Amino acid sequence: MRHNETILVFPGGGREMPKFKGEEYTLRWQGRSGFARLSVQHNYPIVPVGLVGADDVYQSLTTRQGRWGQLIQGLSEN
């Protein structure tokens, strides 16, 4: 931003790609809006871009409420 260069951000980060069964094609940006705050503070433009296909790479067989889903969530939070 200091050098007025274009910055590419993925607000969901690495957590955006792996999803549980039934959550395909949804955004997971909860609590990840710092990029927007910085953009407003520095009068920096945001250009929305969508990447298609990440949810088609694999098929999840695990739900968030299932045993494996709870285990995976517990591990990812630590």
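Whatever comes next refers back to the structure up there.
Residues numbered from 1 in each chain as written. Predicted model: local features only at pLDDT ≥ 70, side-chain atom pairs only at ≥ 80, totals over all residues. Heavy atoms only, no water.

What about the overall build of the chain?
Logical step 1: Secondary structure assignment for the chain yields 2 helices and 0 strands.
Logical step 2: In summary, the chain has a C-alpha radius of gyration of 16 Å against a globular reference of 12 Å for 78 residues, an excess of more than 25%.
Logical step 3: With respect to the principal axes defined by its C-alpha atoms, the chain has extents near 45 × 30 × 15 Å.
Logical step 4: Out of the 78 residues in the chain, the part that is buried amounts to 15%.
Logical step 5: Counting 9 positive and 7 negative side-chain charges, the chain places the centres of these two groups 7 Å from one another. (Helix = DSSP H or I, 4+ residues; strand = E, 2+ residues; numbered from the N terminus. Rg over C-alpha atoms; globule rule 2.2 N^0.38 Å. Buried < 20%, exposed > 50% of the residue type's maximum accessible area, 1.4 Å probe, protein only. Lys, Arg positive; Asp, Glu negative; His and termini not counted. Charge placed at Lys NZ, Arg CZ, Asp CG, Glu CD.)

Concerning the environment of Leu71
Logical step 1: One can find Leu71 in helix 2 (residues 67-77).
Logical step 2: Given a relative accessible area of 42%, Leu71 falls into the partly exposed group.
Logical step 3: Separated by 37 residues in the primary sequence, Leu71 and Gly34 place their C-alpha atoms 28 Å from one another.

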